[in-house]
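Listed below, chain by chain, are the residues.
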Amino acid sequence: MRLTGVGRRYGPGGPWILRDLDLDLPEGTLLRVEGANGSGKSTLLRLLAGIDAPSTGRITGRPRTAYVPERFPAALPMTAGAYLTHLGRVHGLGRAAASRGAREWLERFGAGAYAGTPLSELSKGTSQKVAVAQGLMGTPGLLVLDEAWTGLDRASRGVLDAAVRERVAGGARVVFVDHDPGRLAGEPCAVLRLGNHSARPAFEDTARSARQPTMHIVVEPPPGAVLPAGLPGAPEPLSDGAIRLTVARPRTDDTLRTLLTSSPPWHIRSVTEAPHP
Ligand SMILES: Nc1ncnc2c1ncn2[C@@H]1O[C@H](COP(=O)(O)OP(=O)(O)OP(=O)(O)O)[C@@H](O)[C@H]1O
């Protein structure tokens, strides 16, 4: 996977948050992204996960991607176990393996008792365990972790550390942001330090004109199919078995083409502009 000349700014007149970024992410890379508040760490992670697109430059060779965002959208009307099973299917597991994986990850995180609990009723800590577990279902080639350790108890942080080591040893790329400088110390880890941008307009000033629209694509999987590799991250299962992808508008056509030309083709139920966050 490679980033070539990647830049992102929110709107034509907005300041560059990232600029001229060239980055190679060969298999087995562990990359820590550092930088002051507002330096663009989450922006970069969203670009890597494919839920936002660069204003300039290209990202090529993205493998199947899992993304643990800073904030977990816990509003889906399903239980923790059903949610993880759905995501396991999305990430390429068969039905039995997905349901076994869901159970095993919840147990490893000490949350086995919550498999039958609706997502909306989980405590903050347990929600975070589910958010992390969804990124670990299946074996994505790129795992993007935005402060994924925050809110986990000590034992669960250790479980995530071990999972990251295992994935990297298995050839996956893992890119993470974490406030603890000692996170994954001892691992061979590349570090990308993002620069400080001063005199940047406040978020509210730029957000109105600047937001790059994102689209919701709702697709219905053909029986037994898994999402084609390389699609943007953050697929969300809906309660009726369909899957919602959130993609930056410039990536919509590519994503639809990939889905429609895969064999068997996926049924596209709807393509709509995502509501502004
Ligand atoms: N959707 C958006 N619209 C406009 N500006 C945005 C948007 N998202 C981020 N920004 C701007 O980009 C800057 C970088 O934000 P980002 O969240 O990527 O930084 P960060 O390094 O992850 O910060 P933190 O450490 O505080 O989480 C912010 O200061 C904000 O001004």
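Per chain, residues are indexed from 1 in the order of the written sequence. Where totals are concerned, whole chains, interfaces and linings use all residues; where local detail is concerned, this predicted model gives features only for residues with pLDDT of at least 70, and gives and counts side-chain atom pairs only at 80 or more. In computing side-chain properties, one takes all heavy atoms of the structure into account and sets aside hydrogens as well as water.

Within an unreviewed UniProt entry, the label attached to the protein chain reads ATP-binding cassette domain-containing protein, and the organism entered is Streptomyces nondiastaticus.

> Explain the sheet that holds strand 5 (residues 65-68) residue by residue, including any values.
The strands making up a sheet associate through hydrogen bonds between their backbones, and the pairing can be parallel or antiparallel. The criterion for strand pairing is that DSSP finds at least two bridges linking the strands in question. Helix numbering and strand numbering both begin at the N terminus, where a helix is a DSSP run of H or I of at least 4 residues and a strand a DSSP run of E of at least 2. Read across the open sheet, the five strands follow the order 5-6-7-3-8; overall the sheet is parallel. Unpaired on one side and paired on the other, strand 5 and strand 8 (190-193) mark the two borders of the sheet. Averaged over neighbouring strand pairs, the angle between their axes works out to 15° when direction is ignored. Here four bridges tie strand 3 (residues 30-34) to strand 8, and the two strands are oriented parallel to one another. The partner of Leu31 across the bridge, within strand 8, is Ala190. The strands touched by helix 4 (residues 124-136) are strand 5 and strand 6 (142-146); relative to strand 5, the strand with the most contacts, the crossing angle is about 170°. Contacts were defined at the residue level, with two residues in contact if any of their heavy atoms lie within 4.5 Å. Between N-to-C directions, angles cover 0 to 180 degrees, with each direction set by a line fitted to C-alpha atoms, over the stretch in contact for helices. Helix 5 (residues 154-169) contacts strand 3, strand 6 and strand 7 (173-177) of the sheet and is inclined by roughly 145° relative to strand 7.

> Provide a residue-level description of the nonpolar core, including the pertinent values.
The biggest cluster of nonpolar side chains holds 49 residues, and the ones touching the most others in it are Tyr83, Val130, Leu145, Leu160 and Val164. Beyond its immediate sequence surroundings of up to four residues, Leu145 is in contact with Leu45, Val68, Leu160, Val164, Val174, Val175, Phe176 and Val177. The nonpolar core is taken to be a set of buried Ala, Val, Leu, Ile, Met, Phe, Trp, Tyr and Cys residues, with the residues joined through side-chain atoms within 4.5 Å. Accessibility here uses a 1.4 Å probe with only protein chains present; expressed as a share of the type maximum, an area under 20% marks a residue as buried, one over 50% as exposed, and anything in between as partly exposed. Met1, Leu3, Tyr67 and Leu192 belong to the second largest nonpolar core, which has 23 residues in total.

> Could you give an account of the sheet that holds strand 10 (residues 236-237), with specific residues and numbers?
One open sheet holds the four strands; their spatial order is 10-11-9-12, and the pairing between them is antiparallel. For this open sheet the edge positions go to strand 10 and strand 12 (267-273), each flanked by a neighbour on one side alone. Summarising the sheet, strand 9 (residues 214-220) and strand 12 pair through six bridges and their orientation is antiparallel. Bridge pairing in strand 12 links Glu220 to His267. Across the sheet, helix 7 (residues 252-261) is in contact with strand 9, strand 11 (243-248) and strand 12; its angle to strand 9 comes to roughly 10°.

> Lay out the pattern of salt bridges with the relevant residues and their values.
Salt bridge, as used here: a side-chain nitrogen of Lys or Arg that lies within 4 Å of a carboxyl oxygen of Asp or Glu. Tallied over the entire structure, the rule returns 14 salt bridges. Linking Arg2 and Asp24 is a salt bridge whose minimum nitrogen-to-oxygen distance equals 2.8 Å. A residue pair is termed long-range when its members are at least 10 positions apart, and Arg2 in strand 1 (residues 2-9) and Asp24 in strand 2 (residues 16-24) qualify at 22 residues. Overall, the relative accessible area of 44% leaves Arg2 in the partly exposed class. Under the relative-accessibility criterion, Asp24 is labelled partly exposed at 45%. Glu104 is the partner of Arg108 in a salt bridge, and the nearest nitrogen-oxygen pair spans 3.5 Å. Residue Arg108 and its partner Glu104 are both found in helix 3 (residues 95-108); the two are separated by four residues, about one turn of the helix. Judged by relative accessible area, Arg108 falls into the partly exposed class, the value being 43%. Accessibility expressed as a relative area gives 35% for Glu104, which makes it partly exposed.

> So, the side chain of Ser42: which residues are in play, and what are the values?
When you line up the elements, Ser42 lands in helix 1 (residues 41-49). If sequence neighbours within four positions are ignored, Ser42 has contacts with Glu70 and Asp146.

> Tell me about unusual backbone geometry, and please be specific about residues and values.
Phi is mostly negative for residues that are not glycine, and the peptide bonds are mostly trans. At Asp20, a residue that is not glycine, the phi angle is positive and equals roughly 50°. As for its position among the elements, Asp20 is in strand 2. Assessed through its relative accessible area of 57%, Asp20 is described here as exposed. Within the chain, Glu147 stands out as a residue other than glycine whose phi angle is a positive 55°.

> Break down the environment of Arg193 for me, with residues and values.
Tracing the sequence through the fold places Arg193 in strand 8. By relative accessible area, which is 58% here, Arg193 ends up exposed. Residues Arg193 and Val168, 25 residues apart in the sequence, show an inter-C-alpha distance of 21 Å. For Arg193, the residues in contact, after removing those within four places along its chain, are Glu34 and Gly35. Definition of a polar contact: a pair of N or O atoms within 3.5 Å, with one able to donate and the other able to accept a hydrogen when the atoms are protein atoms, and with sequence-neighbouring residues admitted only if both atoms are side-chain atoms. Within polar-contact distance, the side chain of Arg193 engages the side chain of Glu34 at 3.2 Å.

> Mind laying out the layout of surface pockets, listing which residues take part and the relevant values?
As defined here, a cavity is a set of points on a 1 Å grid over the protein atoms alone where a 1.4 Å probe fits but cannot get out. A pocket is an open set with protein on both sides within 12 Å along at least five of seven lines, and residues line them when an atom is within 4 Å of a point. Grid points are joined across faces, edges and corners, and a volume is the space filled by probe spheres set on the points. Each pocket or cavity is described by its volume, and for the second largest pocket that value is around 280 Å³. Considering the residues around the second largest pocket, the lining is formed by 16 residues, among which His86, Arg89, Arg95, Pro221 and Gly241 are closest to the centre. Broken down by class, the residue content of the lining of the second largest pocket amounts to ten nonpolar, four polar and two charged. Gly is placed with the polar residues, together with every amino acid not listed as nonpolar (Ala, Val, Leu, Ile, Met, Phe, Trp, Tyr, Cys and Pro) or charged (Asp, Glu, Lys and Arg).

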